[in-house]
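# Analysis of the macromolecular model
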Amino acid sequence: MESQVRIFSNTSSQDLAERIARAYGVELGKRELRRFNDGEMCPVILESIRGDYVFIIQSGFAPADNLLELLLMIDSARRASAHYITAVIPYFGYARQDRKDRPRVPIAAKLIANLLTAAGADRVMTMDLHAPQIQGFFDIPVDHLESTTIFYPYLKELALPNMTFAAPDVGGVNRARMYAMHFNKEMVICDKYRKRPGEVSSMALIGDVTDRNVIIVDDIIDTAQTLCNAAQLIMERGARSVRALITHPVLSGPAYENIDQSMLTEVVVCDTIPLRKKSDKIKVLSADKLFATAIRNMYEHKSITSLFIN
Ligand code: R5P
């Protein structure tokens, strides 16, 4: 009998997983999360997946139980004799710890890669890794999807005049350049300095934004400090408007308040992480069709790169 595609969700990515399964044209696989009295998790797959292509969807945002549940689900699928297991991790957490930038710190992204492989994943599918080279932490294939597939059409529809792209920090220069080249526009750079994680100490703007409609592009919005500081600086330097396109809405701590009180016209994000609450300034675009198509192409041994818009 031919192997089937089976899509499963973990607890915290249920909404996105349902959208992906619907876009693919299948029902989500049946599973339940049992717990011991002390909270210990035991995810159970409730139907046979013997010989199947199994896709388990879970983003790696906090709490760490999300990641542990994913590892346990992969182990369940392996022991249930799935033919091929893909961990679909729309937002790959712990990716900001991708190098030893000071003494006595972990390289968490590498540890997570090791754990996923040890649990039994044959492949990882993710989107907009904080640093693309994290793919090299894995010895199994990684399908790295790009949010430009979602954001480029949005910007085309918006059809803003006098558009300029901005990197909110030096690490984001390549991303901003990619947008600027695609739309044949100029770019500027915010030079951000952090004394410690989660705290922006100073920022300077390199480039001219006078009378421009500026689009800040980034992979993660966490406390929104980086973004709001960049937006303020850009407006102070004479921009007409400032918006943001940011893939993963981590949005911790005061993020929602920061955005609501900011000079940003809108912040457009993907649904890789569910929002905690609504905000008039935050618009969510779904990555469902992109992941569904990538799953289909993977299963049918077709190119995934062909999904990207250059
Ligand atoms: C940094 O390298 C990332 O691309 C984001 O700019 C950063 O994680 C955002 O953090 P926050 O929103 O807390 O300033």
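Residues numbered from 1 in each chain as written. Predicted model: local features only at pLDDT ≥ 70, side-chain atom pairs only at ≥ 80, totals over all residues. Heavy atoms only, no water.

## Quick look at the site of the ligand
Applicable threshold: We call a residue near a molecule or strand whenever a single non-hydrogen atom of that residue lies within 4 Å of it. Nitrogen and oxygen atoms within 3.5 Å of one another constitute a polar contact, given that in protein one can donate a hydrogen and the other can accept it, and given that sequence-neighbouring residues count only through two side-chain atoms. Shrake-Rupley sampling with a 1.4 Å probe provides the accessible areas, and residues are treated as covered by the protein chains on show and by no other component.
Neighbouring the ligand are 14 residues; Asp218, Asp219, Thr223, Ala224 and Thr226 lie closest to it. Note that an oxygen atom of the ligand is positioned 2.6 Å from one of the side-chain N or O atoms of Asp218. The separation between an oxygen atom of the ligand and a polar main-chain atom of Ala224 is 2.8 Å. For the ligand, whose unbound accessible area comes to 380 Å², protein coverage reaches 90%.

## Focus: the layout of surface pockets
Using the following cut-off: Using a 1 Å grid laid over the protein atoms alone, points where a 1.4 Å probe fits but cannot get out form a cavity; open sets with protein on both sides within 12 Å along at least 5 of 7 lines form a pocket; any residue with an atom within 4 Å of a point counts as lining. Grid points are joined across faces, edges and corners, and a volume is the space filled by probe spheres set on the points. The helix count covers DSSP runs of H or I at least four residues long, the strand count covers runs of E at least two residues long, and both are numbered beginning at the N terminus. Segmentation of the chain into domains, including their bounds, is taken from an automatic or database domain assignment.
If you add up the space inside the second largest pocket, you get close to 160 Å³. What lines the second largest pocket is a set of 13 residues, among which Asp15, Arg19, Asp271, Pro274 and Val284 lie closest to the centre. Broken down by secondary-structure element, the contributors of at least two residues to the lining of the second largest pocket are helix 1 (14-24) and strand 14 (282-285). Looking at the lining of the second largest pocket element by element, the count peaks at four residues for helix 1. The two domains that each donate at least three residues to the lining of the second largest pocket are domain 1 (5-145 + 288-307) and domain 2 (148-285).

## Some details on the pattern of salt bridges
As a reminder of what qualifies: A side-chain nitrogen of Lys or Arg and a carboxyl oxygen of Asp or Glu constitute a salt bridge if their distance falls within 4 Å. Residue exposure (1.4 Å probe, protein chains only): buried if accessible area is under 20% of the type maximum, exposed if over 50%, otherwise partly exposed.
Taken as a whole and judged by the stated rule, the model has 20 salt bridges. When the shortest N-O distance is used, the salt bridge between Arg123 and Asp143 registers 2.8 Å. Of the two residues, Arg123 sits in strand 6 (residues 123-127) while Asp143 sits in strand 7 (residues 142-145), which places them 20 residues apart along the sequence. Per residue, the accessibility class of Arg123 equals that of Asp143, and both read buried. Put simply, Asp211 and Arg240 hold a salt bridge, and the shortest N to O gap is 3.2 Å. A residue pair is termed long-range when its members are at least 10 positions apart, and Asp211 in the loop between strand 10 (199-206) and strand 11 (213-221) and Arg240 in the loop between helix 6 (225-236) and strand 12 (241-249) qualify at 29 residues. The partly exposed category is assigned to Asp211, whose relative accessible area is 40%. Here Arg240 falls in the partly exposed class, since its relative accessible area comes to 43%. Bridged by salt links that share partners, the residues Arg6, Glu47 and Asp52 form one connected network.

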